[in-house]
Amino acid sequence: MANRRDFIRISALGAGGLAVGIPTIRSWAGGLIDPERMVYEGMRRTPTYCEICFWKCAGWVYKNDKGDVWKITGNDEDLHSNGRLCPRGTGGVGMYNDENRLKIPLIRVTSAGKQIYREASWDEALDFIAGKLKGVIAASGPESVALFSHGSGGKYFGSLLKSFGSNTNAAPSYAQCKGPREAAFLATFGEVVESPERIDIRDTRCLVLIGSHLGENMHNGQVQEMSDAIDKGATIITVDPRFSTAASKSKFWLPIKPSTDLALLLAWINVIIREGLYDKAYVEKYTTGFDKLQAHVIPFTPEWAYGITTIAPQMIRETAREMAHAAPAVIVHPGRHVTWYGDDVQRLRAVAILNAILGSWGRRGGFYRPETLTVPEFPHPHYPEVKKGWRDILGDKYPLADQPVANAIVDLSRPGESGPAKYKAWIVNGTNLIETMPNQANTIEAIKALDLLVVIDTMPMEITGYADVVLPECTYLERYDDIRVSQHRKPQLALRMPAAKPKFNTKPAWWMAKTLAEKMGLGSFFPWKDIEEMLSWQLKQMGTSLGEMQRIGVKTHERTADDLYFAPDEEVEFSTTSTKIELYSSDLEGAGFAALPVYTPHEEPPAGFYRLIYGRAPMHTFTRTSNNPNLADLMDENSVWIHPNVAKEWALINDQYIWLKNQDSIISDFQIKVRVTERIRWDSVYMVHGFGHNQKKLERCFGRGASDTQMITNVLVDPSMGGTGMRGNFVTFVTEKREAES
Ligand SMILES: Nc1nc2c(c(=O)[nH]1)N[C@H]1C(S)=C(S)[C@@H](COP(=O)(O)OP(=O)(O)OC[C@H]3O[C@@H](n4cnc5c(=O)[nH]c(N)nc54)[C@H](O)[C@@H]3O)O[C@H]1N2
Ligand SMILES: Nc1nc2c(c(=O)[nH]1)N[C@H]1C(S)=C(S)[C@@H](COP(=O)(O)OP(=O)(O)OC[C@H]3O[C@@H](n4cnc5c(=O)[nH]c(N)nc54)[C@H](O)[C@@H]3O)O[C@H]1N2
Ligand code: SF4
Ligand SMILES: [Mo]
């Protein structure tokens, strides 16, 4: 029977036995460090890469003479940061110092009829989980265990799953983030864009940002390259219903009516083809389906698009010519968080097609060919065969998804029309699912039906309040993790190592996964003594050593070939079905979807409601930094941007606190401050994601600002890959508490 899983505020610590385990890992910074080599400008420094967001900038952690973590700076060798961290990366120290951190394992118990958490030793907590997992696997098969993960620890828990035969390792960075982009580029070019995005902003002459709000979206290298490109005279074209920071740096700002971007993209393609501005030789040599595309876009004139997007035909023509003039050194940015309206693969296909006809893929100032390194796996026995994987469980749904779809797993964790729940146990590492997945009620219903929910986190975030067991991870400044080998212009490897001992009774994820495996009789899949042994072995295979990496932090390799861009007459075989760039997509057609992008109108806000759009603030990452003392100091609540005409109509003034109410009558738990500004269209309101926490134990950010997620109850799922479009929600304003309570 499903257990009832009420939300527990972690502050309500139980009176149960307090059995504090003694840390048993020997490998924190032990053995291999020669402190002499680590001294720099009088302070000891150790290498790391940042975990405040997924750009993973490499840097140095400095400690003062008292041995306290003092500051974090960028590593000059590092291509992700070029030696400079963003404000959030610098504020990583606050994550380490946050006094509200999770401190000890917690187990949910019922005491006097009330559910509470009781502190537990590591041994007890992991024994409990191992027992439960074995039970679930025996009863429902290994495939009924799912992992949700964002961040480094996912690797180790992923290995744990593989060691018992499950491959459901879902990251919200797919179906809640860049999944539609990857599916669209894969269908078009046979390759994904990946992270850091393979875009050559450094050398571009024209950068088109459709929603991508660089400057607020602080992905470090991209923001730096954009600023350099502007200095070198590149044109920036920003399409955004809001006057974003990027818009303020742009030659053209197109304040589009939200949800209509696909119409603009089709009109751009129309102009570029009609005026013969496309790269004819490139199209001829590398693409297939041009004739069909040409015929398809005939009706999509700038005049047609004007009625839909509100962007004047002249502006559409002028910007199309500007792009063509810069080509092939032009980038129509593929975006990153692209799960907007449920037809996102179609929109991103139009983006891919536009880049293709401008000839920017594989060209200087467009999309370069990245290179990366492979870290060899420490030798271990073969993993058991996955008898039933996530794809088998999902069936024909979302055929273009090439990774587990987090929202589909949530849905399949609830008993439904097709019988009992398919997933019975979740391991959730480094993702605050309650605020990350749209439709909170659905997530909570799924959690209530589970037999086991284990949460690994550093902070008492919302998701931890629903767990059966909470495992406190030490922060990235207190641990080793896997070698970073992301793609870039040159391949690089970067090391993260502990700068300090784990505070409190916290442990790294690798230790938790390994110990859990041992307790489940699967220890042979984690054959290393500790992570230093594993890293030492891996680094040796890669021509370096743990000692060297501890000293330098980042190591650059030369490219294996001088092929950053296509050579003038290069024959390129693309990994698509036709081996060409597919303007007309045979994959989409084969899967039953439109082979050429089709514009579909989306629902409009009802009278008195405004479309809710959201984004990033430069000093915060999602919900993870709202309680960070250093970053909360810079921004401690979000506000709702409202156009002056709308504010006037509603008699709202700057700095007034109001509640938001959405189309499904959901009222925000907390109030949000009004910001009256011309920088937003009158038909929309804007807020920064990550605020409105309802976990009291987050003392700095509890109740500050409102949560966009709470307002996102209408989810527009992309039928091709399962991405959750989140911008089909509308809000209105509530000013009286009485009204709010009713
Ligand atoms: N500081 C900071 N930087 C971050 C992150 C962070 O948390 N903090 N997170 C990182 C991650 S994982 C991601 S995925 C990226 C996300 O960053 P992006 O991919 O840049 O963000 P989006 O959410 O797609 O876009 C937000 C912008 O879209 C605009 N917008 C809303 N609706 C529409 C519309 O219909 N059409 C158009 N054209 N624009 C619209 C909004 O006004 C806003 O300016 O940011 C990354 N960088
Ligand atoms: N409403 C709404 N939903 C969104 C978005 C949005 O803009 N609005 N953005 C979407 C996008 S683009 C993305 S990529 C996802 C991001 O989704 P998430 O990655 O879930 O984002 P966070 O809210 O930062 O949650 C991260 C969790 O990891 C914990 N954590 C931080 N560091 C560590 C660590 O070292 N170890 C462990 N074990 N835990 C750690 C944090 O305390 C926090 O609970 O959200 C998506 N969902
Ligand atoms: S962009 Fe900022 S937060 Fe993200 S990894 Fe780099 S320094 Fe850290
Ligand atoms: Mo994301």
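Small disclaimer: the values here were computed from a predicted structure and weren't measured.

A. Structural detail: the domain arrangement of the protein chain. Here the protein chain is partitioned into domain 1 (1–165 + 471–486 + 492–556), domain 2 (178–370 + 569–590) and domain 3 (610–741). With 28 residues of domain 2 at the interface, the matching set in domain 3 holds 26 residues. With both chains or domains summed, domain 2 and domain 3 bury close to 1,900 Å², and 57% of this area falls on carbon and sulfur atoms. Counting the surface domain 2 buries against domain 3, the share from its top three residues, Arg242, His337 and Tyr341, is 25%. Where domain 2 meets domain 3, there are zero salt bridges. Counting across the interface, domain 2 meets domain 3 through 11 residue pairs in polar contact (both at pLDDT 80 or more). Counting only elements with at least two residues in the side of domain 2 that touches domain 3, the list comes to helix H6 (172–189) and helix H14 (344–357). By residue number, the principal contributor to the side of domain 2 that touches domain 3 is H6, which donates three residues. Taken together, the residues of the side of domain 2 that touches domain 3 sort by class into 11 nonpolar, 12 polar and five charged.

B. Helix H13 (residues 313–326), seen in detail. Its 14 residues give H13 an end-to-end C-alpha distance of 20 Å, which sits within 8% of 20 Å, the value for a rise of 1.5 Å per residue. Those residues of H13 that fall on the buried side of the exposure criterion are Pro313, Ile316, Arg317, Thr319, Ala320, Glu322, Met323, Ala324 and Ala326.

C. Summary view of the pairing of strand S14 (residues 425–429). Within S14, five of the five residues are buried, which leaves it mostly tucked inside the rest of the structure. Examined bridge by bridge, strand S7 (residues 145–149) and S14 share five bridges and lie parallel to one another. Within the sheet, the bridge partner assigned to Phe148 lies in S14 and is Val428.

D. Here's a closer look at the site of ligand 3. Residues in contact with ligand 3, as listed here, are Cys50, Ile52, Cys53, Trp55, Lys56, Cys57, Leu85, Cys86, Arg88, Gly89, Met218 and Asn220. At a threshold of 2 Å from the grid points, most atoms of ligand 3 map onto the second largest cavity. Partitioning the shell around ligand 3 into residue classes produces eight nonpolar, two polar and two charged.

E. Representation of the sheet that holds strand S11 (residues 252–254) within the structure. What the four strands build is an open sheet, ordered S11-S10-S9-S13; its pairing is parallel. If you trace the sheet from one side to the other, it starts and ends with S11 and strand S13 (330–332), each paired once. If you compare each strand with its neighbour and ignore which way they point, the axes differ by 10° on average. As judged from the five bridges shared by strand S9 (residues 206–210) and strand S10 (residues 235–239), these two strands associate in the parallel manner.

F. Representation of the site of ligand 2 in the model. In the vicinity of ligand 2 lie 29 residues, with His150, Thr431, Asp457, Glu473 and Thr623 positioned nearest. A distance of 2.7 Å separates an oxygen atom of ligand 2 from a polar side-chain atom of Thr436. One of the side-chain N or O atoms of His689 is found 3.1 Å from a nitrogen atom in ligand 2. Contact with the protein chains hides 98% of the accessible area of ligand 2, taken as 920 Å² for the molecule alone. Elements with a minimum of two residues in the shell around ligand 2: H6, helix H17 (433–436), strand S15 (452–457) and helix H25 (708–711). Here the shell around ligand 2 is built from residues that sort into nine nonpolar, 12 polar and eight charged. Residues lining the shell around ligand 2 come from more than one domain, with at least three contributed by each of domain 1 (1–165 + 471–486 + 492–556) and domain 3 (610–741).

G. Spotlight on the packing of helix H9 (residues 261–274) against H13. Across the interface, H9 lies against H13 with an axial gap of 9 Å and an inter-helix angle of 65°. In the packing of H9 onto H13, the handedness of the crossing is right-handed. Residue-level inspection shows Leu264, Ala267, Trp268, Val271 and Ile272 of H9 in contact with H13, the latter providing Ile316, Arg317, Thr319, Ala320 and Met323. A per-class count over the contact of H9 with H13 returns eight nonpolar, one polar and one charged.

H. Main features of H6. The end-to-end C-alpha distance of H6, which contains 18 residues, comes to 24 Å, matching closely the 26 Å that a straight helix rising 1.5 Å per residue would cover. Largest kink in H6: about 85°, centred on Lys178, with the proline Pro180 one to four residues after it. By the criterion of burial, H6 is predominantly enclosed, with 17 of the 18 residues buried. Following H6 by one or two positions, Gly190 has its phi on the positive side, about 75°.

I. Broad picture of the sheet that holds strand S5 (residues 106–111). Taken together, seven strands build an open sheet; the order of strands is S6-S5-S16-S15-S14-S7-S8 and the sheet is mixed. With partners counted over all chains shown, the strands left at the sheet margins are strand S6 (114–119) and strand S8 (169–170), one partner each.

J. Focus on the layout of surface pockets. Approximately 260 Å³ is the volume attributed to the second largest pocket. Forming the boundary of the second largest pocket are 16 residues, of which Lys397, Asp411, Leu412, Arg414 and Ser418 lie nearest the centre. Put simply, the parts of the chain that give the lining of the second largest pocket at least two residues each are helix H15 (390–394) and helix H16 (406–411). Here the lining of the second largest pocket is built from residues that sort into seven nonpolar, four polar and five charged.

K. Representation of the pattern of salt bridges in the model. By the definition in use, this model includes 43 salt bridges. The salt bridge partner of Arg369 is Asp563, with a shortest N-O separation of 3.7 Å. Note that Arg369 is positioned in the loop between H14 and H15 and Asp563 in the loop between strand S18 (554–556) and strand S19 (581–582), a separation of 194 residues in sequence. Looking at Arg369, the relative accessible area reads 18%, which means it is buried.

What counts, and at which threshold
Residues numbered from 1 in each chain as written. Chains lettered and ligands numbered in written order. Predicted model: local features only at pLDDT ≥ 70, side-chain atom pairs only at ≥ 80, totals over all residues. Heavy atoms only, no water. Domains from an automatic or database assignment. Contact = heavy atoms within 4.5 Å. Buried area = accessible area lost by both parts, 1.4 Å probe. Salt bridge = Lys/Arg side-chain N within 4 Å of Asp/Glu carboxyl O. Polar contact = N/O pair within 3.5 Å; in protein donor to acceptor, adjacent residues only side chain to side chain. Helix = DSSP H or I, 4+ residues; strand = E, 2+ residues; numbered from the N terminus. Nonpolar A, V, L, I, M, F, W, Y, C, P; charged D, E, K, R; others polar. Expected span 1.5 Å × (residues − 1). Buried < 20%, exposed > 50% of the residue type's maximum accessible area, 1.4 Å probe, protein only. Pairing = 2+ DSSP bridges. Near = heavy atom within 4 Å. 1 Å grid on protein atoms, 1.4 Å probe; cavity = no way out; pocket = protein on both sides within 12 Å on 5 of 7 lines; lining within 4 Å. Sits in = over half its atoms within 2 Å of the grid points. Axes fitted to C-alpha atoms, helices over the stretch in contact; angles between N-to-C directions. Areas by Shrake-Rupley, 256 points an atom, 1.4 Å probe, with all protein chains shown as cover. Left-handed = near helix turned anticlockwise from the far one by under 90°. Bend = angle between axes of the 7 residues up to and from the residue. Points joined across faces, edges and corners; volume = space filled by probe spheres on them.

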